[in-house]
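So you can see what is in the structure, the chains are spelled out below.
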Number of protein chains: 2
Amino acid sequence: MKFEVTILGSSSATPVFNRNPSAQLLNCKDKFYLIDCGEGTQQQLIRFGFKASKIDVAFISHLHGDHYFGLIGLLSTMNLNGRIKPFQIFAPAALMEILEIQFRYSETSLRFEIEFCPIVADEPRVIFQNQDLTVETIVLNHRIPCTGFKFTEKKRLRKVLVDKLEAANIPADYYQLLKKGLDLTLPGGEVILNADYTIDSDVPKSYCYCSDTMADGSYLESIRGCTMLYHEATFMDDLLERANVTHHTTALQAGLVAKEVGAGKLIIGHFSSRYKALLPLLEEAQGVFENTALALEGVTFTV
Amino acid sequence: MKFEVTILGSSSATPVFNRNPSAQLLNCKDKFYLIDCGEGTQQQLIRFGFKASKIDVAFISHLHGDHYFGLIGLLSTMNLNGRIKPFQIFAPAALMEILEIQFRYSETSLRFEIEFCPIVADEPRVIFQNQDLTVETIVLNHRIPCTGFKFTEKKRLRKVLVDKLEAANIPADYYQLLKKGLDLTLPGGEVILNADYTIDSDVPKSYCYCSDTMADGSYLESIRGCTMLYHEATFMDDLLERANVTHHTTALQAGLVAKEVGAGKLIIGHFSSRYKALLPLLEEAQGVFENTALALEGVTFTV
């Protein structure tokens, strides 16, 4: 099952040459989910060969511009390109007001529906579910209300032991019921115990996105044990004081968070424009959590 | 005197790979003026080596997103980079509301002042003057209120004939008065007639920017005789009907406008995303107005 994330932007507040503001594209079973949408995201999608028309849902962490200024342009382009299927947006409530005022003054009447789902950043909640994914908010600690997102694969069906089933002459018609964990009674009255013919599937994988936050430990339970963690690392640890004042995280802190929650892998991003070279940030995080990577634009990580 | 314009974006409504939405940077005597500001303009400034901090004025033609979605990000970055000097914006009144709502929800308190000057698109008006330039609106005919801008150099001082002045022993202290066209009476009573010692300066140059419009002839008097004309050319003339419906111009029409008003040079831009190659648009305009160029990004045109 495909479950991967592509980095579209990795810069913090101000853009840098060849570093765009925050945006990521999650691909789960060839369904596409946008996570944050900084200015220029639609250009980044073109650059990396993704079709905006394939994205049906966007999750916006908070209303600092480097996380959403690109959304209005993306929606406008979708409209001009003839989109008619609905587009779902999870974001702080005020974003809808910001979008609507701009559509109003440009006399834009969208041909598709925006399904807007306001996020309240008070406690972790499940905000989205489909057959592939569950999405929960992660309540972060930033200067304005801000949530991260935890994307968890749906619990997979049990694996059927085909050889054993065939040997017992159990028809394939029954496999779906067995995958769902049910015991069976065959027409002749024979009882087939599920446990004899199936095994548990792999543990569902999860991807946590922690956009802008102080590393104050308040959200650790929401991300504990995740398969892959994206965590902002705006500064290096010599600027810890600056990180605290601006409610951001250092690369060292991001590494410590990943270690503390037992993440499988850490990706750091949201780099301050002061850093031309990113290797020192990577090394700082790797000093405490080795399996760390940089959120470089265009790179796809498999969860 | 430096009077030149650099193309930052040349795409119409939807961006294309390597073609950004409308934005231009006018440099007049090393003062910088932004003309329209599509999404990604701040990245384009970085790309072409311009400092946003040097821009003090923006002129926004209308409130279709491909002409202003980049302004909020540019202003946010200026603020984060410590700008304190005021920034002046000429735009339709509603833009201020659009900016304010976004600053409010991001809890951004700008450290610099926005001097907002609403444009009314009813008749041509002088909206800006300094020692170098006069800026007048051009009332265009688009789907929503839209103005172009005519930038005219201030009438230059007269040229003094230094050799003749020196031969007559007229002290250099008087040159400034002569440049301003005044006759002089020297301390001994001798009268110096301005016409004997100066000649007229060159005719002031002018740059006209016609962003989005039908080529319906309504604005020709505003741009007559300009030194350089930027005119949108969204479509080729085989799509004239589509141009009329959407209130846009074809490349052929743009050429005819330049010819009709006796422009010195024509630059065409705002190309529809359907055109991968732009040469056919250039050739169509050149068929009626030879001195035509494409608004290619990063290219600087001297007025």
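Source: prediction; values computed, not measured. (Residues numbered from 1 in each chain as written. Chains lettered and ligands numbered in written order. Predicted model: local features only at pLDDT ≥ 70, side-chain atom pairs only at ≥ 80, totals over all residues. Heavy atoms only, no water.)

**Examining the domain arrangement of chain A**
When cut into domains, chain A gives domain 1 (3-156 + 202-302) and domain 2 (159-199). The C-alpha-based centres of domain 1 of chain A and domain 2 of chain A are spaced at 43 Å. (Domains from an automatic or database assignment.)

**Describing unusual backbone geometry**
One non-glycine residue, Asn169 of chain A, lies in positive phi territory at about 55 degrees. With respect to the secondary-structure elements, Asn169 of chain A resides in the loop between helix H4 (162-167) and helix H5 (175-179). In this model, His270 of chain B sits at a positive phi of 60 degrees, which is unusual for a non-glycine residue. For His270 of chain B, the location among the structural elements is in the loop between strand S16 (265-269) and helix H10 (279-286). (Helix = DSSP H or I, 4+ residues; strand = E, 2+ residues; numbered from the N terminus.)

**Structural notes on the state of the cysteines**
Scanning the model with the defined rule gives zero disulfides over all chains in all. In this model Cys28 of chain A remains outside any disulfide bridge; the closest cysteine sulfur is found in Cys208 of chain A, 14 Å from its own. A relative accessible area of 0% means that Cys28 of chain A is categorised as buried. Cys37 of chain B takes part in no disulfide bond, and the closest cysteine sulfur to it belongs to Cys146 of chain B, at a distance of 15 Å. (Disulfide = S-S within 2.5 Å. Buried < 20%, exposed > 50% of the residue type's maximum accessible area, 1.4 Å probe, protein only.)

**What about helix H3 (residues 94-105) of chain B?**
Look at H3 of chain B: 17 Å from first C-alpha to last across twelve residues, which is about the 16 Å you get at 1.5 Å a residue. Ala94, Leu95, Met96, Ile98, Leu99, Ile101, Gln102 and Phe103 of chain B are the residues of H3 of chain B that are buried. Residues of H3 of chain B that are buried make contact with helix H3 (94-105) of chain A together with helix H2 (71-80), strand S5 (87-91) and strand S6 (114-118) of chain B. Just downstream of H3 of chain B, Glu107 of chain B is the residue with a positive phi angle, here 55 degrees. (Expected span 1.5 Å × (residues − 1). Contact = heavy atoms within 4.5 Å.)

**Focus on the relation of the copies chain A and chain B**
With an RMSD of 0.0 Å, the operation that places chain A on chain B is a rotation of 180 degrees combined with a shift of 0.0 Å along the axis. Each copy turns onto its partner about a two-fold axis. By C-alpha distance to the rotation axis, the residue of chain A lying nearest is Gly40 of chain A, at 2.7 Å. Mapped onto chain B, 100% of the interface residues of chain A again fall at the interface, so both copies present the same surface. (Least-squares fit on C-alpha atoms with pLDDT ≥ 70 in both.)

**So, helix H9 (residues 251-261) of chain B**
Residue and element names in this part refer to chain B. If you check which residues of H9 are buried, you get Ala251, Gln253, Ala254, Gly255, Val257, Ala258 and Val261. In this structure, the buried residues of H9 make contact with helix H7 (220-223), strand S15 (228-232), helix H8 (240-245), S16 and H10. Taken from the residues just after H9, Gly262 is the one with a positive phi, measuring 65 degrees.

**Some points on the sheet that holds strand S3 (residues 31-37) of chain A**
Residue and element names in this part refer to chain A. Taken together, seven strands build an open sheet; the order of strands is S6-S5-S4-S3-S2-S1-S18 and the sheet is mixed. Each edge of the sheet is formed by a strand with only one pairing partner; in this case those strands are strand S6 (114-118) and strand S18 (300-302). Mean inter-strand twist for the sheet, computed between neighbouring axes without regard to direction, equals 20 degrees. The pairing of strand S5 (residues 87-91) with S6 spans five bridges and is parallel. Considered in S6, the bridge of Ala91 is made with Pro118. (Pairing = 2+ DSSP bridges. Axes fitted to C-alpha atoms, helices over the stretch in contact; angles between N-to-C directions.)

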